Amino acid sequence: MKWTSAISEQTSLEQAIEECVSEIRSQFADDTPHLALVFVSPDYQSDFERVPELVRQSFGSVVVLGCSGGGIIGNGREVEQRPAVSITAASLPGVEIVEFHLDGDQLPDLDAAPQKWEEALKVSPETSPQFVMLADPYSFPIQNLILGLDYAYSRSAKIGGLASGAQQQGGNALFCGGQVYRSGAVGVALHGNIAVDTVVAQGCRPVGQPMRITESRRNVLAELDGQPPMTVLKQIFQNSDDRDRELMRTSLFLGVVMDEFLDEPKHGDFLIRNVVGMDDRTGVLAIGELLKEGQMVQFHLRDAQTSTDDLIQVLERYAVDNRENQAQGALLFSCLGRGQYLYGRPNHDTEVFQNKLGSVPIGGFFCNGEIGPVSGTTCLLYTSPSPRDATLAGMAA
């Protein structure tokens, strides 16, 4: 197995792809890539239809997967608000790559048997496939795909992100095989001599104590351990320092424990969701997630330092757990709210990644939402409009 990644800021799409291809060929020598992950900024929108053709002209029968992105990551660099193309290529001997494209009306019903999902994706769970997927946020019910894949392929890793850069349906592009799609979802199922590890950093830290939801209505949080949530927040506020009080005004989130059997949740067990509304009169909160009575939750805060600390923590833990099986390549599905917007400088996340895991080839893009596991359940990690989540996925043989 061999991975390499390249990025170009040439203003011509053809020249940008040529520059990436030249760099990849210099690293691959006599090896031929089997998979090329291609991410393209919206500056090349008029040429999106040519992307797969140009890549395949250079690499032959390589499987192409990618999409448009509001920020592009390649060769350990993050390029935002400027033209950029990245190609992350992999030679994968002993690995079978199954491509798929799905529109919303092609998804099996959520109560359909697992065999229907196998037919839709043309891969059996017996082969232990690992999924990388990309979707258009305006035209595709990604939550339904995630639920179906967790049901039919419960032991498989699922990672990816939502295409970005466009403000309306039809503006994003998805690349799969030799085709360009303006809607739906695309992906690959990888099986054989490959393992896909997932590392999720949501960039938050808890405040207060974990509590049970004792009353809720859809996304409205009405009671926590018998108290109005606003009462709980006021108690946390009174016991906080000045920094946390300020963050509670601007960067307050609710962490929802995904495993209903957990009584003592730890870091990484919470799915982070926005607090989207408050009612001082009734003391209830509106949350960017459907809630259930009995769920355990805890309030969380986020800023640049907290986000950095969280990323360092999860990568250090991953490095320790995988000393004997180092990642050969990596994909970074970051959030549009990270990067320079959050940290005030470029390349923050990629520098932390390479500092903790070494010079692993890394490519990806800034997403409209990220796909990854939280406490064993695949989730859409999305909290808008504040700085949002990042999913990092290391791939190792």
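Refer to the structure above for everything that follows.
Our subject in this report is the structure included herewith. (Residues numbered from 1 in each chain as written. Predicted model: local features only at pLDDT ≥ 70, side-chain atom pairs only at ≥ 80, totals over all residues. Heavy atoms only, no water.)

1. Some details on the pairing of strand β2 (residues 35-40)
Point 1. Of all the six residues making up β2, six are buried; the element is thus mostly covered by neighbouring parts of the structure.
Point 2. Across the two faces of β2 the burial is the same, with Leu35, Leu37 and Phe39 and Ala36, Val38 and Val40 all buried.
Point 3. Direction of pairing for β2 relative to strand β3 (residues 63-68): parallel, over a ladder of six bridges. What sits directly across from Val38, in β3, is Gly66.
Point 4. What joins β2 to β3 is helix α2 (residues 51-59), and the crossover it makes is right-handed.
Point 5. Summarising the sheet, β2 and strand β6 (residues 85-91) pair through six bridges and their orientation is antiparallel. Looking at β6, one finds that Val38 is bridged to Ile87. (Buried < 20%, exposed > 50% of the residue type's maximum accessible area, 1.4 Å probe, protein only. Helix = DSSP H or I, 4+ residues; strand = E, 2+ residues; numbered from the N terminus. Pairing = 2+ DSSP bridges. Right-handed = clockwise from strand over helix to strand, strands pointing away.)

2. A short note on helix α9 (residues 348-357)
Side chains three or four residues apart in an α-helix point the same way, a direct result of the helix having 3.6 residues per turn.
Point 1. Among the residues of α9, His348, Asp349, Thr350, Val352, Phe353 and Leu357 are the ones counted as buried.
Point 2. Taken from the residues just after α9, Gly358 is the one with a positive phi, measuring 90°.

3. Examining the sheet that holds strand β1 (residues 2-8)
Point 1. Spatially, six strands are ordered β1-β6-β2-β3-β10-β11 in an open sheet, and the strand pairing comes out mixed. Of all strands in the sheet, those bounded by a partner on one side alone are β1 and β11 (179-181). Here the strands of the sheet are splayed against their neighbours by 15° on average, with no regard to which way each runs.
Point 2. Relative to strand β10 (residues 174-176), β3 runs antiparallel, the two being bridged by three bridges. Within the sheet, the bridge partner assigned to Gly66 lies in β10 and is Phe175.
Point 3. On top of the sheet, α2 reaches β2, β3, β6, β10 and β11; it is set at about 145° to β2, its chief contact. (Axes fitted to C-alpha atoms, helices over the stretch in contact; angles between N-to-C directions. Contact = heavy atoms within 4.5 Å.)

Don't take any of this as a statement about function, it's just geometry.
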